[in-house]
Amino acid sequence: MLQQTSETVDRAVYPSLRDKRVIVTGGGSGIGEGLVEAFVAQGAKVGFIDIDDMASEGVVARLNDADHAPIFRHCDVTDLDALSRTLADLEEMLGGVDILVNNAGNDDRHTIEEVTPDYWAERLNVNLRHQFFAAKAVVPAMKRAGGGAILNFGSISWHLGLPDLVLYQTCKAAIEGLTRSLARDLGRDGIRVNAIVPGNVQTPRQEKWYTPEGEAEIVAGQCLDGRIQPSDVAALVLFLASDDARMCTGHEYWVDAGWR
Ligand SMILES: NC(=O)c1ccc[n+]([C@@H]2O[C@H](COP(=O)([O-])OP(=O)(O)OC[C@H]3O[C@@H](n4cnc5c(N)ncnc54)[C@H](O)[C@@H]3O)[C@@H](O)[C@H]2O)c1
C-alpha cells in the first residue's frame, strides 16, 4: 500500500462533530490553525483565541465561506481575567461549549542560568496555568450540556529530554498529570479529558528552530518517513473530541511518527 501524504489522505468525517461548539486556544497559526480548519470542515461552530491578530484574521477570512465561519477573539492566555471574559464571550456567541482544545503554548529556548523567578512564572503562565483555568471556565457549560471533551496539548519533548527547554518541558510533563486529574474529577459529569502528545510538527515556527539537516535528523529518529503536518495532529484531536471516543479519557495520545 502506498504511504499517503497529508494532501492525498482521505480524512474521516465525524457526524457527532457537526454543530458542536468548540473553543481552540492559539488557533491563529501552526497546529491551532490546522485544528480550527479541521473542526470547521466537520461543520462545527468554532471560536478561537490568539494574540496574533493578523494571522488569526487571515484564518477567519480563509474559512469565511464555511457552514459556520470561525469566530476570532484577541486574548492573551496569560491574562486570566481576559481569558475568563473571552471564554464567557465565546460561550455566549457559540451558544455553549462542548469541546475545549488547550493548544496555545510557546517553546522559547533558555539555559538554566538564564532562568529567573520572573521568567519561571512567565513560562509557566504561557504553557501550563491557562490550561487549568480555561478548563475550569468551560466546565459549567459542559455540565449543562450533559458532557464534553477537553484536549490538552502536551509534547514529546520532555519524554525525549531535549536541550534548552527546562521550563517548557516541566509544563508539558505537568500537563499529563493535569489531564489525568481532571479526567478523574470530571468523568462522572460525562466530561472526557485527554492529552495530545505531538512529535515534531512542521509548522512555520518550528522551521525557525530547525535547519534542513535538523529536520532530516528528526525524520531519521522517527519510525516513519515524512514530516508530521498540523492536519495529522488535527485528525487525532477530531477523533478524541468526537463521540467515537466516548470511552477514551485520562490518557495521553501520541502522534509522533514513532520518534525516539
Ligand atoms: N509544533 C510542534 O512540533 C509541537 C510539538 C509538540 C508539542 N507542540 C504543542 O502544540 C501546541 C501548538 O504548537 P505550535 O507548534 O502550533 O505553536 P505555534 O507557535 O506555531 O502556534 C502557537 C499559537 O499560539 C498563539 N499564542 C502563543 N502565546 C499565546 C498567548 N499568550 N495567548 C494566546 N495565544 C498565544 C500563537 O500566536 C500561535 O498562533 C503547543 O501547545 C505546543 O507546545 C507542538
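Structural data are supplied above this passage.
Residues numbered from 1 in each chain as written. Predicted model: local features only at pLDDT ≥ 70, side-chain atom pairs only at ≥ 80, totals over all residues. Heavy atoms only, no water.

1. Some points on the overall build of the protein
Link 1 in the chain: Secondary structure summary: the protein contains nine helices and seven strands in total.
Link 2 in the chain: What you see for the protein is a C-alpha radius of gyration of 18 Å, in line with the 18 Å of a compact globule of 260 residues.
Link 3 in the chain: Referenced to the eigenvectors of the C-alpha coordinate spread, the extents of the protein come out at roughly 50 × 45 × 40 Å.
Link 4 in the chain: The burial tally for the protein puts 51% of its 260 residues in the buried class.
Link 5 in the chain: As displayed, the protein offers around 12,600 Å² of accessible surface, 53% of which is attributable to carbon and sulfur atoms.
Link 6 in the chain: Taken as two groups, the 24 positive and 38 negative side-chain charges of the protein have centres that lie 8 Å from each other. (Helix = DSSP H or I, 4+ residues; strand = E, 2+ residues; numbered from the N terminus. Rg over C-alpha atoms; globule rule 2.2 N^0.38 Å. Buried < 20%, exposed > 50% of the residue type's maximum accessible area, 1.4 Å probe, protein only. Areas by Shrake-Rupley, 256 points an atom, 1.4 Å probe, with all protein chains shown as cover. Lys, Arg positive; Asp, Glu negative; His and termini not counted. Charge placed at Lys NZ, Arg CZ, Asp CG, Glu CD.)

2. A word on the pattern of salt bridges
Link 1 in the chain: Applying the stated criterion across every chain, the model contains 16 salt bridges.
Link 2 in the chain: A salt bridge links Asp107 to Arg109, with the nearest nitrogen and oxygen atoms 3.1 Å apart.
Link 3 in the chain: We note a salt bridge from Asp107 to Arg205, for which the minimum N-O separation is 2.8 Å. With a gap of 98 residues between them, Asp107 in the loop between strand S4 (99-102) and helix H4 (117-145) and Arg205 in helix H7 (residues 204-209) connect regions that are remote in the sequence.
Link 4 in the chain: Since its relative accessible area comes to 9%, Asp107 is described here as buried.
Link 5 in the chain: Through salt bridges with shared partners, a single network forms among Asp107, Asp108, Arg109, Glu122, Arg123 and Arg205. (Salt bridge = Lys/Arg side-chain N within 4 Å of Asp/Glu carboxyl O.)

3. Considerations on the layout of surface pockets
Link 1 in the chain: Within this model, the largest pocket holds a volume of roughly 980 Å³.
Link 2 in the chain: Every residue lining the largest pocket is counted, 41 residues in all, and those nearest its centre are Asn103, Gly105, Asn106, Asp107 and Arg205.
Link 3 in the chain: At the level of elements, helix H1 (30-41), strand S2 (45-50), H4, helix H6 (166-186) and H7 are the ones that each hand at least two residues to the lining of the largest pocket.
Link 4 in the chain: It is H7 that provides the largest number of residues to the lining of the largest pocket, a total of four residues.
Link 5 in the chain: The residue inventory of the lining of the largest pocket, partitioned by class, reads 17 nonpolar, 15 polar and nine charged.
Link 6 in the chain: Here the second largest pocket is characterised by a volume of approximately 450 Å³.
Link 7 in the chain: In terms of lining, the second largest pocket is formed by 21 residues, of which the most central are Gly187, Gly190, Ile191, Arg192 and Thr249.
Link 8 in the chain: At the level of secondary structure, the elements contributing two or more residues to the lining of the second largest pocket comprise strand S5 (148-153), H6 and strand S6 (191-198).
Link 9 in the chain: Looking at the lining of the second largest pocket, the element that brings in the most residues is H6, giving three residues.
Link 10 in the chain: For the lining of the second largest pocket, a count of residues per class yields six nonpolar, seven polar and eight charged. (1 Å grid on protein atoms, 1.4 Å probe; cavity = no way out; pocket = protein on both sides within 12 Å on 5 of 7 lines; lining within 4 Å. Points joined across faces, edges and corners; volume = space filled by probe spheres on them. Nonpolar A, V, L, I, M, F, W, Y, C, P; charged D, E, K, R; others polar.)

4. A closer look at the site of the ligand
Link 1 in the chain: As a structural note, the neighbourhood of the ligand is formed by 27 residues, with Ile31, Asp50, Asn103, Tyr168 and Val201 the closest of them.
Link 2 in the chain: In this structure, an oxygen atom belonging to the ligand sits 2.7 Å away from a main-chain N or O atom of Ile31.
Link 3 in the chain: In this structure, Lys172 approaches the ligand through a side-chain N or O atom, which is 2.9 Å from an oxygen atom.
Link 4 in the chain: Against a free-state accessible area of 820 Å², the protein chains account for coverage of 92% of the ligand. (Near = heavy atom within 4 Å. Polar contact = N/O pair within 3.5 Å; in protein donor to acceptor, adjacent residues only side chain to side chain.)

5. Observations concerning the sheet that holds S2
Link 1 in the chain: Spatial ordering of the open sheet is given by S3-S2-S1-S4-S5-S6-S7, a layout of seven strands whose pairing is parallel. Of all the strands in the sheet, just strand S3 (71-74) and strand S7 (252-255) have a single pairing partner and so form its edges. Strand-to-strand twist of the sheet, defined as the mean angle between neighbouring strand axes without regard to direction, takes the value 20°.
Link 2 in the chain: Two elements, S2 and S3, share four bridges in a ladder whose sense is parallel. Looking at S3, one finds that Phe48 is bridged to Phe72.
Link 3 in the chain: Each of strand S1 (21-25), S4, S5 and S6 is contacted by H4, which is oriented at about 175° to S4, the strand it contacts most.
Link 4 in the chain: Against the sheet, H6 makes contact with S5, S6 and S7, and its axis sits at roughly 165° relative to S6, the strand it touches most. (Pairing = 2+ DSSP bridges. Axes fitted to C-alpha atoms, helices over the stretch in contact; angles between N-to-C directions. Contact = heavy atoms within 4.5 Å.)

6. Side note on H1
Link 1 in the chain: Counted at 1.5 Å a residue, the expected span for H1 with its twelve residues is 16 Å, and the 17 Å between its end C-alpha atoms agrees.
Link 2 in the chain: Of all twelve residues in H1, nine are buried, a share of seventy percent or more.
Link 3 in the chain: The positive-phi residue at the C-terminal boundary of H1 is Gly43, with phi of around 85°. (Expected span 1.5 Å × (residues − 1).)

7. Re the packing of aromatic side chains
Link 1 in the chain: Within the structure shown, the criterion is met by two aromatic pairs.
Link 2 in the chain: Ring plane angle 35° and centroid distance 5.3 Å describe the contact between Phe48 and Phe72, whose orientation is recorded as tilted. Of this pair, Phe48 sits in strand S2 while Phe72 sits in strand S3, and the two are 24 residues apart along the sequence. For the pair Phe48 and Phe72, one class covers both residues: buried.
Link 3 in the chain: Centre to centre, the rings of Phe132 and Phe133 are 5.0 Å apart; their planes meet at 90°, and the pair counts as edge-to-face.
Link 4 in the chain: One cation-aromatic arrangement involves Arg109 over Trp209; the distance from NZ or CZ to the ring centre is 4.3 Å. (Phe/Tyr/Trp six-rings, centres within 6.5 Å; stacked < 30°, edge-to-face > 60°. Lys NZ or Arg CZ within 6 Å of the ring centre and 35° of its normal.)

Honestly, it's all geometry; don't read function into it.
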